[in-house]
Amino acid sequence: MILAQTTEPFIRWSWVWSHLGLFWSRTVEHLVLTGIALGIGFIISIGLSIVALRYRKTYAPITWFTGVLYSIPSLALFVMFIPLTGLTVVTAEIGLVSYTLLIFIRNIVAGIDGVPREVREAALGMGYTPRRMLWEIEIPIALPVIIAGIRIAAVTTVGLVTITALIGYGGLGQLILDGLNRLFTTPLIVGAVLSAVLALVFDYGLVLAERALTPWARSKATIP
Amino acid sequence: MIRLDHVSKVFPGSDKAAVGDLSFEVPAGEIVVLVGPSGCGKTTTLKMINRLIEPTSGEIWIDGARSTQQEPHVLRRKIGYVIQQIGLFPHRTIAQNIATVPQLLGWERGRIEARVVELIELVGLDREVVDRYPAELSGGQQQRVGVARALAADPPVLLMDEPFGAVDPIVRAHLQEELKVLQARLQKTIVFVTHDIDEAISLGDRVALLNVGGVLEQYAPPEELLRAPANDFVVEFLGSERGLRRLSLIAVDTVPLERGPFVEHDSTPDHARSVMSEYGTDWVGVLERDKLLGWVWGADLVGSRSIVEARPKPFSARLDSTSTLREALDVIVTSKTQVAVVVDGGRYLGMLTADRLNEALLT
């Protein structure tokens, strides 16, 4: 073992080239795990945010509960659900989703709270129903703040997915775990680098999405 | 037509009424201005008309129907609404902002586009602003967009809550004039809220002067309000320049003009002198038929063989029949002859003196 360690190069490129297919499938798995977590987390958060916005008293309990979820160490959270849902993708996603909630809800609520009072008054005064106003006026105006939340949640989730390798998922996290188990640095480094790149790609993609979705927010900077 | 029938509003958690037992009627096609000190419930009253605030008791009738007969959002789509902070949608272009209500009503695209162009022109905006966002426009332009947006679906009723309160005085005066011109064309039924008595007097066909707690102190056309204030509160609110404000509401053509010391240009100096002594002036006006040539000092006629030889000077300011008595007063106090001459084109109609203005106010 000691011998192997000394003769093993930091990155064995031949192994890298022969395992490109594996990297690809792990990356796709990583993306899927992240995407599902963000998607489900966002849908739940929208629902909880609407409740919190309509019934203000529920906002404190909602942020308290999602705050507790957020503060549980990730590994502990995954392990906690194993007796209930086993070593399944459901266990992994429950953990991942629960970490996104606090971030999403805070940003959605803050974004919609930031919609100017007079905009709301004008919208209602011209005959918007509250529901239609939420989707056509309030959420679009809150979008920059909401997307800021999605960016934080996305980067966090890409990182957390690697930990789900410990319960048998993990995408690129599996490469890292494999490297650690075998004291083989090549997959470890490839996994770490690719997950970091993935996080950056997510972040940049969301920046581009924000620019495309909120052209009006940019024009603000050009007011004479 | 809008009718408030014993309307009151008590906000939850308050023991005093914000508006107490208010009744008045806004005739179709007129501008009624609600004016009063802060806390008089003028904005609350306005918002009860489009049900942004629900009355505690009483009824509001709009064009013969109870306001509560339909869903609030259906009612509001038929009532234009303009507020001081404008409340344009920052994420929508000017065209999309203006198209708000037509879109809510489900108009077809072509009809909406045509309407937007029409409105842009109606409120005097440049056509190139349609694709900009609100943040790129000046305050005055934004308020024009606000008015265009309120007029988009051609609602018979318009509610305006201090619409010009946030723009500077020059732009405000301009927007007020534009609103008058617009109203002359559109004949909307408008309820307009302001705390500025001058704005109320200048815009209102009628003024509802409210006191704290939504008490209607007087409801009258501005001229009547100024001429016959109902009580001390009204007098105090109207301020110290009531007479001047009244003058600004009376048009020159509603007052009988004086002929004045005017003679034909081919009259003799002797005749001119006798006209001057008849009127007790030291000047005489000169006409050619009924065209106004100017005036000369009596002293300049001495030794002249004709009036024309004394070289009549033009009047420095002349009014036409649409001028107000306030403008007439300005001419009177700034001209050497101490009168205001009124012409129609070049034709001399007559003149006004300070005594005439005084009579006009006292009758």
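Residues numbered from 1 in each chain as written. Chains lettered and ligands numbered in written order. Predicted model: local features only at pLDDT ≥ 70, side-chain atom pairs only at ≥ 80, totals over all residues.

Asks: Explanation requested: the overall build of chain A in the structure shown.
Replies: Looking only at helices and strands, one finds 11 helices and 0 strands in chain A. When the helices and strands of chain A are read in sequence order from the N terminus, they spell out α-α-α-α-α-α-α-α-α-α-α. Considering chain A as a whole, with its 224 residues, one finds that 36% of them fall into the buried category. (Helix = DSSP H or I, 4+ residues; strand = E, 2+ residues; numbered from the N terminus. Buried ≥ 20, exposed ≤ 12 C-beta atoms within 10 Å, placed from the backbone.)

Asks: Which parts of the structure should I look at to understand the domain arrangement of chain B?
Replies: Buried accessible area, meaning the area lost when the parts come together, often serves as the stated size of an interface. Residues and elements named next belong to chain B. Taken domain by domain, chain B comprises domain 1 (2-250) and domain 2 (253-362). A C-alpha centroid distance of 44 Å is found between domain 1 and domain 2. Contacts between the two partners involve 6 residues from domain 1 and, on the opposite side, 9 residues from domain 2. Residues belonging to the side of domain 1 that touches domain 2 are distributed by class as follows: 3 nonpolar, 2 polar and 1 charged. (Domains from an automatic or database assignment. Contact = placed C-beta atoms within 7 Å. Nonpolar A, V, L, I, M, F, W, Y, C, P; charged D, E, K, R; others polar.)

Asks: I keep staring at the environment of B:Val308 and nothing clicks. Help me out?
Replies: Its location among the elements puts B:Val308 in the loop between β13 (291-297) and β14 (318-319). Each C-alpha atom, one on B:Val308 and one on B:Glu25, is 60 Å from the other, the two residues being 283 residues apart in sequence.

Asks: Sorry, what's going on with the nonpolar core here?
Replies: Ranked by internal contacts, the top residues of the largest apolar core, which has 113 residues, are A:Ile105, B:Val33, B:Ala148, B:Leu159 and B:Val191. Excluding residues that lie within four positions of it along the chain, B:Val191 makes contacts with B:Ile2, B:Val26, B:Val32, B:Leu34, B:Leu46, B:Ile49 and B:Leu159. Ranked by size, the runner-up nonpolar core spans 29 residues in total, among them B:Trp295, B:Ala310, B:Val331 and B:Val341. (Core = buried A, V, L, I, M, F, W, Y, C linked by C-beta atoms within 7 Å.)

Asks: Explanation requested: the interface of chain B and chain A in the structure shown.
Replies: Listed as interface residues are 19 residues of chain B and, on the opposing side, 19 residues of chain A. Residue contributions to the side of chain B that touches chain A peak at 3 residues, all from helix α4 (residues 100-104) of chain B. Of the residues assigned to the side of chain B that touches chain A, the class counts are 10 nonpolar, 6 polar and 3 charged.

Asks: Explain the sheet that holds strand β3 (residues 31-35) of chain B here, please?
Replies: Adjacent strands of a sheet form backbone hydrogen bonds with each other and so pair up, either parallel or antiparallel. Residues and elements named next belong to chain B. Reading across the sheet, the 6 strands line up as β6-β7-β8-β3-β9-β10 and stay open at both edges, with mixed pairing between neighbours. At either margin of the open sheet sits one strand with a lone partner, and together these are β6 (79-83) and β10 (215-220). Strand-to-strand twist across the sheet, computed as the mean angle between neighbouring axes with direction ignored, equals 15°. Pairing of β6 with strand β7 (residues 157-161) involves 5 bridges; the strand directions are parallel. (Pairing = 2+ DSSP bridges. Axes fitted to C-alpha atoms, helices over the stretch in contact; angles between N-to-C directions.)

Asks: Where do I start with the packing of helix α13 (residues 325-334) of chain B against helix α14 (residues 354-362) of chain B in this structure?
Replies: To describe two helices that pack against each other, one gives the angle between their axes and the distance between the axes. All names here are of chain B. It is the contact of α13 with α14, at a shortest axis distance of 10 Å, that shows an interaxial angle of 155°. By the angle class used here, α13 and α14 are roughly antiparallel. As α13 packs across α14, the resulting crossing turns out to be left-handed. Taking contact as the criterion, the partners of Leu325, Ala328, Leu329 and Ile332 in α13 are, on α14, Ala354, Leu357 and Ala360. (Parallel < 35°, antiparallel > 145°, perpendicular 65-115°, else oblique. Left-handed = near helix turned anticlockwise from the far one by under 90°.)

Asks: Would you mind showing me how to read unusual backbone geometry here?
Replies: Most peptide bonds are trans, and most residues other than glycine sit at a negative phi. One non-glycine residue, B:Asp154, adopts positive backbone phi at about 50°. The residue B:Asp154 is located in the loop between α6 (139-151) and β7 in this model.

Asks: Please clarify how the environment of B:Asp330 should be interpreted in this entry.
Replies: Residue and element names in this part refer to chain B. Residue position: Asp330 is located in helix α13. Classification of Asp330 by C-beta neighbours within 10 Å gives partly exposed; the count is 16. As a C-alpha pair, Asp330 and Ala272 span 58 residues in sequence and 27 Å in three-dimensional space.

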